[in-house]
Amino acid sequence: MTFKERKLWKQASVEEIKDFVTQAYNQEVENPCPVDKMRAFTDNIRRTSCGECVICREGILQLNVLAEGITQGTGRDGDIEVITEVSENLIIGSCCNYGKEVGKITKKIIEAEQDQFEKHIKRRRCDAVVCKKFFSYYVAPEKCNGCNKCVDQCLKKAIDGGKDLIHIIDSSLCDRCGECVTVCEAFAIQKAGPVVPKVPTEPIAVGSFEKQLQNGGDRKSTRLNSSHNSNL
């Protein structure tokens, strides 16, 4: 940060600083995951800190590192308590209201959404299906039209398929970039949390997977009916 920016925050009024920090936070309001919201907010706001106040500079950075780790699946027991403590230190010890306002917002997030932070840390789960480490993409077989656009778009070569075939995604290769989603006009590529819906294990003809399920259901029904009749 330049000296001019340092001077700016010292000269700015409480209202000006509050408006600036609030606007930075409001950019993330639509983010449904509170952990990723804190990660994005602190990453953005730390870049406009003057950097002169150690508590503010290092405190916001630490909040960002902690939130980033939790979204990446490396969160640990005690992280919530550290986030709370750092937020309180920002409120109490920051030399100007920049750090104080950031601390108020992050403390509010952790208090309101502690259960979601705990799910990320203890269960490796993101209910909002936002954090990349906690979801996977799959191709909904009933929607895939075999256009092959996602196969061509995937730089990681994680999608297998061909023209008029239901495509499949290899989660071990997929980096969750979402590029395939942007080109899928059939909206067939969807997110899944801990439980992935039943999908083909290899590319098959469009429309055939539904028929397999229907036929399988019919066979099961026939076996049950035959068993029931033999007991009569």
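J.: With reference to specific residues and values, describe the environment of D175.
T.: Relative to the elements of secondary structure, D175 occurs in the loop between β4 (168-169) and α9 (179-183). In this structure D175 comes out as partly exposed when scored by relative accessible area, which is 38%. D175 has contacts with K132 and K156, leaving out every residue within four places of it along the chain. Within the structure, D175 has its side chain in polar contact with the backbone nitrogen of C177 (distance 3.2 Å).

J.: Account for the environment of N97, with residues named and values stated.
T.: Of note, N97 is situated in helix α6 (residues 97-112). The sequence separation of N97 and S13 amounts to 84 residues, and the corresponding C-alpha distance is 8.6 Å.

J.: Quick one: what's the story with the side chain of S87, residue by residue and with numbers?
T.: Mapped onto the secondary structure, S87 falls in helix α5 (residues 79-93). You can call S87 buried: its relative accessible area is 0%. Polar contacts involving the side chain of S87 include one to the side chain of T106, which spans 2.8 Å. In this structure S87 touches L63, G103, T106 and K107, once residues within four positions along its chain are discounted.

J.: Describe the side chain of E28, and please don't skip the residues or the numbers.
T.: Summarising the element assignment, E28 is placed in the loop between α2 (14-26) and α3 (34-46). Once you skip the residues sitting within four places of it in the chain, E28 turns out to touch K37, A40 and F41.

J.: If you had to explain the packing of α2 against α3 to someone new, which residues and values would you point to?
T.: Where α2 meets α3, the closest approach of the two axes is 9 Å, and the angle between their N-to-C directions is 135°. With respect to α3, the element α2 is oriented oblique. Judged by the twist between their axes, the crossing of α2 over α3 is right-handed. Between α2 and α3, the contacting residues are F20, V21, A24 and Y25 on the first element and K37, F41, N44 and I45 on the second. Tallied by class, residues from the contact of α2 with α3 come to 6 nonpolar, 1 polar and 1 charged.

J.: I'd like a rundown of the packing of aromatic side chains, residues and numbers included.
T.: Here the structure, examined in full by the defined rule, presents 5 aromatic pairs. Look at W9 and F20: their rings are 4.9 Å apart centre to centre, the planes differ by 65°, and that puts the pair in the edge-to-face class. Of this pair, W9 sits in helix α1 (residues 3-11) while F20 sits in helix α2, and the two are 11 residues apart along the sequence. Ring geometry for F135 versus Y137: centroids 5.3 Å apart, planes at 80°, classification edge-to-face.

J.: Go over the pattern of salt bridges, please, and point to the residues and values.
T.: Any two side chains of opposite charge can pair, given that their charged atoms come close. By the definition in use, this model includes 9 salt bridges. Notably, a salt bridge pairs E58 with R57, separated by 3.1 Å at the nearest N-O pair. According to the relative accessible area criterion, E58 is partly exposed, its value standing at 37%. In this structure, R125 engages D127 in a salt bridge whose closest nitrogen and oxygen atoms are separated by 2.8 Å.

J.: Let's hear about the state of the cysteines: which residues, and what values?
T.: Per the stated rule, a full pass over the model turns up 0 disulfides. No disulfide involves C177; its sulfur sits 6.2 Å from that of C180, the nearest cysteine. Note on C184: no disulfide assigned, nearest cysteine sulfur contributed by C147 at a separation of 6.0 Å. Assessed through its relative accessible area of 11%, C184 is described here as buried.

Cut-offs and rules
- Residues numbered from 1 in each chain as written.
- Predicted model: local features only at pLDDT ≥ 70, side-chain atom pairs only at ≥ 80, totals over all residues.
- Heavy atoms only, no water.
- Helix = DSSP H or I, 4+ residues; strand = E, 2+ residues; numbered from the N terminus.
- Buried < 20%, exposed > 50% of the residue type's maximum accessible area, 1.4 Å probe, protein only.
- Contact = heavy atoms within 4.5 Å.
- Polar contact = N/O pair within 3.5 Å; in protein donor to acceptor, adjacent residues only side chain to side chain.
- Axes fitted to C-alpha atoms, helices over the stretch in contact; angles between N-to-C directions.
- Parallel < 35°, antiparallel > 145°, perpendicular 65-115°, else oblique.
- Left-handed = near helix turned anticlockwise from the far one by under 90°.
- Nonpolar A, V, L, I, M, F, W, Y, C, P; charged D, E, K, R; others polar.
- Phe/Tyr/Trp six-rings, centres within 6.5 Å; stacked < 30°, edge-to-face > 60°.
- Salt bridge = Lys/Arg side-chain N within 4 Å of Asp/Glu carboxyl O.
- Disulfide = S-S within 2.5 Å.

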